[in-house]
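Structural overview
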Amino acid sequence: MIFPNLQGPKRTLAQTLGVVFVMGSLAWASVPLYDFFCRVTGYGGTTNTADAGSDLILDKTIKVRFDGSLAENMPWSFKPMEREMEIRIGETGLAFYEAHNPTDRPVAGSASYNVAPFDAGNYFVKIDCFCFEEQVLQPGETAIMPVSFYVDPEIVNDRDAKYAPRITLSYTFYEIDLPQEQAALALPE
């Protein structure tokens, strides 16, 4: 028994509070635990990162498709400059996205991303990406944003991912608060 000295309604209350505490703790920890799970397994299209390209380049190729979208109320335009490229597995690829702020105010944005099919997420490795940092575009400014990546040669040993004929890298930009130094500059005098 969890509460041997309590009887009747006090015991029921203590058990109910215990369940509420456990459920609240699980809810609080669910986001970081899920994020950790996705990064370790590649589930949900989460990619890996590296400081340099692969040491092994295979003769087998794979197509990488690029997609760009905007969250609701994000005023920018955002698109890949090239919709698809074919690279050798292990070869470092370089793709560019174009973002434009058509408004009359500075706008800060951050990109979330995923990879499809989900099985391939663990093998898609980003070396450098605009998604690692917040982006601030001034009124009327256009920015070209690079992402360098490779597909890990280990993909050919994965019983599910090795059959993927193409990998899609998707970014969604959403608006965030301006950094303090930018917000101070944007205030009217």
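This report concerns the structure included in the present document. Bear in mind that the values here come from a model prediction, so they are computed numbers and not experimental data.

To describe a pair of aromatic rings, you give the distance between the ring centres and the angle between the ring planes. Under the counting rule described, the total for this entry stands at 12 aromatic pairs. For the pair Phe66 and Tyr97, a centre-to-centre distance of 6.3 Å together with 90 degrees between the ring planes defines the contact as edge-to-face. Within this pair, whereas Phe66 is found in strand 2 (residues 61–70), its partner Tyr97 is found in strand 5 (residues 93–100), the two being separated by 31 residues in sequence. Classification of Tyr97 by relative accessible area gives buried; the value is 0%. Taken together, the ring pairs in this structure connect Phe66, Trp76, Phe78, Tyr97, Tyr113, Phe124, Phe130, Phe149, Tyr171 and Phe173 into an aromatic cluster.

Counted by the stated rule, this structure contains two salt bridges. A salt bridge links Glu84 to Arg166; its shortest N-O distance comes to 2.8 Å. Here Glu84, found in strand 4 (residues 84–88), pairs with Arg166, found in strand 10 (residues 166–176); they are 82 residues apart in sequence, far enough to count as distant. The partner of Glu175 in a salt bridge is Arg105, with the nearest N and O atoms 3.1 Å apart. One end of the pair, Glu175, is in strand 10; the other, Arg105, is in the loop between strand 5 and strand 6 (107–116), with 70 residues separating them in the sequence. Looking at Arg105, the relative accessible area reads 36%, which means it is partly exposed.

Analysis parameters
- Residues numbered from 1 in each chain as written.
- Predicted model: local features only at pLDDT ≥ 70, side-chain atom pairs only at ≥ 80, totals over all residues.
- Heavy atoms only, no water.
- Phe/Tyr/Trp six-rings, centres within 6.5 Å; stacked < 30°, edge-to-face > 60°.
- Helix = DSSP H or I, 4+ residues; strand = E, 2+ residues; numbered from the N terminus.
- Buried < 20%, exposed > 50% of the residue type's maximum accessible area, 1.4 Å probe, protein only.
- Salt bridge = Lys/Arg side-chain N within 4 Å of Asp/Glu carboxyl O.

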